[in-house]
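Reading the structure
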Amino acid sequence: MLKYYTKTMLETWIEEQYKQKGILSPNDLTIEKICTEFCIEIEYTEGICSVVWDEELIIVYLNQNLSSEEQKEAFFHELCHPLRHVVDQRNRHPIFQGLIELQEEQARNFQPYATIPFFMVEQLELPNRDKEIAGLLAQTFNTTYLFAYRRWEQIKRRIAQGIFDEKIKSYLEVREQIFARFKKKYNKFFYH
């Protein structure tokens, strides 16, 4: 079933970044390892999770009152900003509001792919039931069950799209073969 999954360009980019840094399995996907490999400093605070960066330094602020699973999810959201964005969000001038909203949406999109990468999911022996799969993903990747369940639902939608695409492709190939035989038999060209 997983063979029908098609990775997005973002997923492929994340996978390449991880593999270049030797992040190859869920055991490698810890906050500490990511910080080491991407030269990131972590500060635990009472405040909201955020990130500041420039060309020389990246600091991710994580709320110390969150569970370790929630901290990991927040960390991978914040990780998107220095890896994918040029402008940081400290300038809260209203003219930048649309850009800030776009960056936040991109970080929300980045988060599940970076936290539970498909190339690592493929390495797992998945159970048959969705709830068990979500539980396995949550345990393996150290996330909340809800986060893992949403990621599994995303994976299933992409698999369903892959199956649909295969069926359409097969249908069009058969249709093309029939049309080619008809055209050859009657030696005519038809528009459809």
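Everything that follows concerns the structure shown earlier in this document.
The paragraphs below set out a description of the structure included in this document. These numbers come from a predicted model, not from an experiment.

Scoring rules and cut-offs
- Residues numbered from 1 in each chain as written.
- Predicted model: local features only at pLDDT ≥ 70, side-chain atom pairs only at ≥ 80, totals over all residues.
- Heavy atoms only, no water.
- Helix = DSSP H or I, 4+ residues; strand = E, 2+ residues; numbered from the N terminus.
- Rg over C-alpha atoms; globule rule 2.2 N^0.38 Å.
- Buried < 20%, exposed > 50% of the residue type's maximum accessible area, 1.4 Å probe, protein only.
- Areas by Shrake-Rupley, 256 points an atom, 1.4 Å probe, with all protein chains shown as cover.
- Lys, Arg positive; Asp, Glu negative; His and termini not counted.
- Charge placed at Lys NZ, Arg CZ, Asp CG, Glu CD.
- Core = buried A, V, L, I, M, F, W, Y, C linked by side-chain atoms within 4.5 Å.
- Contact = heavy atoms within 4.5 Å.
- Pairing = 2+ DSSP bridges.
- Axes fitted to C-alpha atoms, helices over the stretch in contact; angles between N-to-C directions.
- Disulfide = S-S within 2.5 Å.
- Salt bridge = Lys/Arg side-chain N within 4 Å of Asp/Glu carboxyl O.
- Patch = residues over 30% accessible without salt bridge, like charges linked within 9 Å, V, L, I, M, F, W, Y side chains within 5 Å.

**So, the overall build of the chain**
When its secondary structure is counted, the chain shows seven helices and three strands. Secondary structure elements of the chain, listed N to C terminal, follow the sequence α-α-β-β-β-α-α-α-α-α. For the chain, the C-alpha radius of gyration of 22 Å lies well beyond 16 Å, the compact-globule estimate for 192 residues. By the burial criterion, 38% of the 192 residues in the chain qualify as buried. As presented, the chain carries roughly 12200 Å² of accessible surface, and 53% of it is formed by carbon and sulfur atoms. On the chain, the mean spot of the 25 positive side-chain charges and the mean spot of the 29 negative ones are 16 Å from each other.

**Considerations on the nonpolar core**
Tyr 18, Ile 34 and Phe 75 are the most contacted members of the largest nonpolar core, which has 41 residues in total. Ignoring any residue separated from it by four or fewer positions in sequence, one finds Phe 75 in contact with Ile 31, Ile 34, Cys 35, Ile 40, Ile 42, Val 60 and Leu 62.

**Side note on the sheet that holds strand β1 (residues 40-45)**
Strand order in the open sheet formed by three strands is β1-β3-β2, with mixed pairing between adjacent strands. Both edges of this open sheet fall to β1 and β2 (50-53), since each of them pairs with a single strand only. This sheet shows a mean twist of 20 degrees between the axes of neighbouring strands, independent of strand direction. Bridge analysis of β2 against strand β3 (residues 58-63) gives four bridges, and the strand direction is antiparallel.

**As for the state of the cysteines**
In the structure shown here, the tally under the stated rule is zero disulfides. With no disulfide of its own, Cys 35 has Cys 39 as its nearest cysteine by sulfur position, at a separation of 10.0 Å. Note on Cys 35: relative accessible area 8%, which makes it buried. Note on Cys 80: no disulfide assigned, nearest cysteine sulfur contributed by Cys 49 at a separation of 15 Å.

**What to know about the pattern of salt bridges**
Within this structure, the stated rule accounts for nine salt bridges. Note that Lys 33 and Glu 37 form a salt bridge whose closest N and O atoms lie 3.8 Å from each other. In this pair, Lys 33 and Glu 37 are both assigned in helix α2 (residues 31-38), four residues apart and thus about one turn of the helix distant. Accessibility expressed as a relative area gives 27% for Lys 33, which makes it partly exposed. Put simply, Glu 153 and Lys 156 hold a salt bridge, and the shortest N to O gap is 3.1 Å. Of this pair, Glu 153 and Lys 156 are both found in helix α7 (residues 145-186), three residues apart, which corresponds to roughly one turn of the helix. Classification of Lys 156 as partly exposed rests on a relative accessible area of 25%.

**Observations regarding the side chain of Thr 143**
One can find Thr 143 in the loop between α6 (130-141) and α7. Setting aside residues up to four positions removed in sequence, Thr 143 forms contacts with Glu 69, Glu 73, Thr 115, Ile 116, Leu 137, Ala 138 and Ala 148.

**Some details on a nonpolar patch on the surface**
Together, Phe 164, Ile 168, Tyr 171 and Leu 172 make up a nonpolar patch on the protein surface, roughly 410 Å² of accessible area in all. For Phe 164, the location among the structural elements is in helix α7.

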